[in-house]
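# Notes for the structure review
So you can see what is in the structure, the chains are spelled out below.
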Amino acid sequence: MEVSMTLWVLTIVGLAALIAVDFFIGRKPHEVSVKEAGIWTVVWIALAGLFGLGLLVFGGGQPAGEFFAGFITEKSLSVDNLFVFVLIMAKFAVPAQYQQRVLLVGVLIALVLRTVFIAAGAAIIASFSWVFFLFGAFLIWTAWKLVQEARADEEGEEYEENKLLKAVEHRFGVADRYHGTKLWIQQSGKRVMTPMLVVMLAIGTTDVLFALDSIPAIFGLTQDPYIVFTANAFALMGLRQLYFLIGGLLKKLVHLSYGLSIILGFIGVKLVLHALHESGVHVPEISIPVSLGVICAVLVVTTLTSLMASRKQTAVEAARAHEEGARSVDV
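Bear in mind that the values here come from a model prediction, so they are computed numbers and not experimental data.

In this section: a nonpolar patch on the surface. Residues Leu50, Leu53, Leu56, Val57 and Phe58 make up a contiguous nonpolar surface patch of about 590 Å² in total accessible area. Its place among the elements puts Phe58 in helix α2 (residues 34–59). Residue Phe58 is classed as exposed on the basis of its relative accessible area of 78%.

Below, the discussion takes up the pattern of salt bridges. Applying the stated rule across the entire model yields one salt bridge. The partner of Arg114 in a salt bridge is Glu74, with the nearest N and O atoms 3.0 Å apart. One end of the pair, Arg114, is in helix α4 (residues 99–127); the other, Glu74, is in helix α3 (residues 61–91), and 40 residues separate them in sequence. By relative accessible area, which is 0% here, Glu74 ends up buried.

The subject of this paragraph is α3. Compared with an ideal rise of 1.5 Å per residue, which puts 31 residues at 45 Å, α3 spans 45 Å between its outermost C-alpha atoms and is within 8% of the ideal. Burial analysis of α3 places 22 of its 31 residues in the buried class, which makes it a mostly covered element.

Now for the packing of α2 against helix α8 (residues 225–237). A pair of packed helices is captured by two measures, namely the crossing angle of their axes and the spacing between those axes. At a closest axis distance of 9 Å, the pairing of α2 and α8 adopts a crossing angle of 165 degrees. It follows from the interaxial angle that α2 and α8 lie roughly antiparallel. Both α2 and α8 take part in a crossing whose hand is left-handed. Contacts from Trp44, Leu47, Ala48, Phe51 and Leu55 of α2 reach α8 at Tyr226, Thr230, Phe234 and Met237. Residue classes in the contact of α2 with α8 are distributed as eight nonpolar, one polar and no charged.

What follows concerns the pairing of strand β1 (residues 184–187). Two elements, β1 and strand β2 (residues 190–193), share four bridges in a ladder whose sense is antiparallel. When the bridges of β2 are listed, Gln187 appears paired with Lys190. Counting the residues in the hairpin turn of β1 and β2 gives two residues, including Ser188, whose phi is positive at 55 degrees.

Attention now moves to the packing of aromatic side chains. Under the defined criterion, the tally for this structure stands at 11 aromatic pairs. Judged by centre distance (5.3 Å) and plane angle (40 degrees), the ring pair of Phe51 and Phe234 falls under tilted. With Phe51 in helix α2 and Phe234 in helix α8, this pair connects stretches of sequence that are 183 residues apart. The exposure class of Phe234 is buried, given its relative accessible area of 5%. Here the aromatic rings of Tyr243 and Phe244 are separated by 5.1 Å at their centres, their planes lie at 90 degrees, and the arrangement is edge-to-face. By relative accessible area, which is 15% here, Phe244 ends up buried.

Before going further, it helps to examine unusual backbone geometry. The phi torsion at Ala93 lies on the positive side, around 50 degrees, for a residue other than glycine. The topology assignment puts Ala93 in the loop between α3 and α4. Looking at Ala93, the relative accessible area reads 56%, which means it is exposed.

Contact pair α2 / α3: the axes reach a minimum separation of 7 Å and the direction vectors enclose 160 degrees. One finds that α2 runs roughly antiparallel with respect to α3. Both α2 and α3 take part in a crossing whose hand is right-handed. For the pair α2 and α3, contact is made by Ala48, Gly49, Phe51, Gly52, Leu53, Leu55, Leu56 and Gly59 and by Gly61, Pro63, Ala64, Phe67, Phe68 and Phe71, respectively. Each residue belonging to the contact of α2 with α3 can be placed in one class, and the counts come to 10 nonpolar, four polar and no charged.

Reading the values: the criteria
Residues numbered from 1 in each chain as written. Predicted model: local features only at pLDDT ≥ 70, side-chain atom pairs only at ≥ 80, totals over all residues. Heavy atoms only, no water. Patch = residues over 30% accessible without salt bridge, like charges linked within 9 Å, V, L, I, M, F, W, Y side chains within 5 Å. Areas by Shrake-Rupley, 256 points an atom, 1.4 Å probe, with all protein chains shown as cover. Salt bridge = Lys/Arg side-chain N within 4 Å of Asp/Glu carboxyl O. Helix = DSSP H or I, 4+ residues; strand = E, 2+ residues; numbered from the N terminus. Buried < 20%, exposed > 50% of the residue type's maximum accessible area, 1.4 Å probe, protein only. Expected span 1.5 Å × (residues − 1). Axes fitted to C-alpha atoms, helices over the stretch in contact; angles between N-to-C directions. Parallel < 35°, antiparallel > 145°, perpendicular 65-115°, else oblique. Left-handed = near helix turned anticlockwise from the far one by under 90°. Contact = heavy atoms within 4.5 Å. Nonpolar A, V, L, I, M, F, W, Y, C, P; charged D, E, K, R; others polar. Pairing = 2+ DSSP bridges. Phe/Tyr/Trp six-rings, centres within 6.5 Å; stacked < 30°, edge-to-face > 60°.

Structure follows, in structure tokens:
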């Protein structure tokens, strides 16, 4: 798909305007209700849908299909990010009324960093076609790693600050408490960071680790930098509202890691087949409609089996509690 510089500029300006509106509406710190989060989640998904329809009308079925496949993939991988966001919020004891501001700025940092990754990925792909072999192998390895992590017991999991964040904290110092939405304060004659800024940096920089698999994954669905960027942007910008909407449901998605591993493994195989095809080997390539169908089917099945497993586990725990209660009464 040919994208002019004018379209790039208009797209970035449009996304910036949407972000500004989102920031203006939520500028006053407050605890986000499920209703508010639900409304804005629908708004962002609707905007992504309209953008995809625009691609269909003006660009054709191929770009639109690639965008929707990329958006759904990035959105599903972003849900996995929310598990870590919950740990970060708990680690730094972020007050409920400040969490939306933390997530907004953190997601903006993540979007900027991902844009750098996308630009680098596009440049590498344009110069070295064999990189698809590396991307494919990496995604297959990541899929296997996700399966292993899903089998492990992660009940005691806690967030650990990365080395970059620790270095920044050591360099500038951190205040001992929150000071509203301020990012810097004067303490003992020295300008230091507030915990608010530290949490924002934690969320933004942690997302870089997730980008290591999500960026190769979307390049496995499309090599168009414009579609890669917009799919990532729409997936990330609705992440804040999704956090408040399904935050309490995350623990019920017990099979999410398995579903994501299947998606990443599938895209990894797709990349390897594409690389072989580009090298002159006659192998079948997986089309975008098939990719979109597989991704949606895996997410639906994963969600249903997760909810069924969670419901069964809840019933077992309730029966066990009832049995223990009956025994105590008998005693």
